[in-house]
Amino acid sequence: MLPRETLLKRATHRETIARAIDLADQSLKTWEPAVSDFLSPPEIADIQTVFSGLSEVVFMPWGGYPQAERQRVAFARSELPLIADAIEVAALEIAGNFLFDPATHRDFLGALLGTGLVRDKVGDLLVQGERGAQALVAPEVVEFLELNLTQVRSVPVKTRAIPLGELKVREPKKKEMTTVEASLRLDAIASAGFGISRSKMAEAISGGDVRVNWKDITSPSHLLKSGDLVVLAGKGRLSIGEIATTKKDRYRVQLTRFV
């Protein structure tokens, strides 16, 4: 059994971590992998923080394709190497003619949850414009959704299971850049990376629109380091690369922006 109370003291998402501990204990007892429902990036980051350093358990997230944000997490004994095949994820096509009534990510999610489905059973949604969308879901809800998801907004839809290989995933666009700053403060680096003023970036940070490594950060003075990932709501992600010190004791930072 894992040291439950000790691990929970390190948790930000206590309910999620409590369920993760139960799954990890189950995997230790049965010698079989135990898999969570879909989790959000902050929850997955919390698992990575809390479970790092445990020698008896290994874990692996997988959401159906490499860039998936919402993922299921498998736990297993460290003696049993984990592979993505241990984590079952199903794909659905939600097809309809949305030319005259365009639907957003929120519309498709609302239609899925409107069938009575809980959010934990739904992974990423890939909106396909006027053709509809594709959804990653838990395998046990596929038949239910094929029968019950028949409309999104005012548009009739046909819902059917498809192989994961038929997912139409848009590769994120990348922009490489370098900035030189007096400090490694979040507001300074993110301002340069996202191309907005430092004052507006500070407002976004203080307003709760920025995450670092999927954790909410509300302090503009938070210091970044190489390997950090900064997420700005509605603006994409910023990866912090190599950091070097110039002759004038400033910081030259390599940045990669994903949109």
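This text follows the structure it describes.
What you are looking at is a predicted structure, and each value in this text was computed from that prediction instead of being measured.

Looking now at the pairing of strand β15 (residues 251-258). As defined by bridge partners, strand β10 (residues 174-181) adjoins β15 across eight bridges and the pair is classed as antiparallel. Each bridged residue has a counterpart across the sheet, and for Thr-178 the counterpart in β15 is Gln-254. With seven bridges joining them, strand β14 (residues 236-245) and β15 adopt antiparallel strand pairing. In the sheet register, Ser-239 faces β15, and the bridge partner there is Thr-256. What sits between the antiparallel neighbours β14 and β15 is a turn of five residues, in which Asp-249 has the positive phi angle 60°.

This part covers the sheet that holds strand β5 (residues 122-127). What the four strands build is an open sheet, ordered β5-β6-β4-β9; its pairing is antiparallel. Where the open sheet ends on each side, the last strands, each with one partner, are β5 and β9 (158-162). Averaged over all adjacent pairs, the angle separating strand axes in this sheet is 25°, with direction ignored.

Take Ser-78: it is sitting in the loop between β3 (72-77) and β4 (90-95). Here the alpha-carbon distance between Ser-78 and Lys-9, two residues 69 residues apart in the chain, equals 23 Å. When near neighbours in sequence (up to four residues on either side) are disregarded, Ser-78 contacts Ser-55, Glu-56, Val-57 and Val-58.

Conventions we followed
Residues numbered from 1 in each chain as written. Predicted model: local features only at pLDDT ≥ 70, side-chain atom pairs only at ≥ 80, totals over all residues. Heavy atoms only, no water. Pairing = 2+ DSSP bridges. Helix = DSSP H or I, 4+ residues; strand = E, 2+ residues; numbered from the N terminus. Axes fitted to C-alpha atoms, helices over the stretch in contact; angles between N-to-C directions. Contact = heavy atoms within 4.5 Å.

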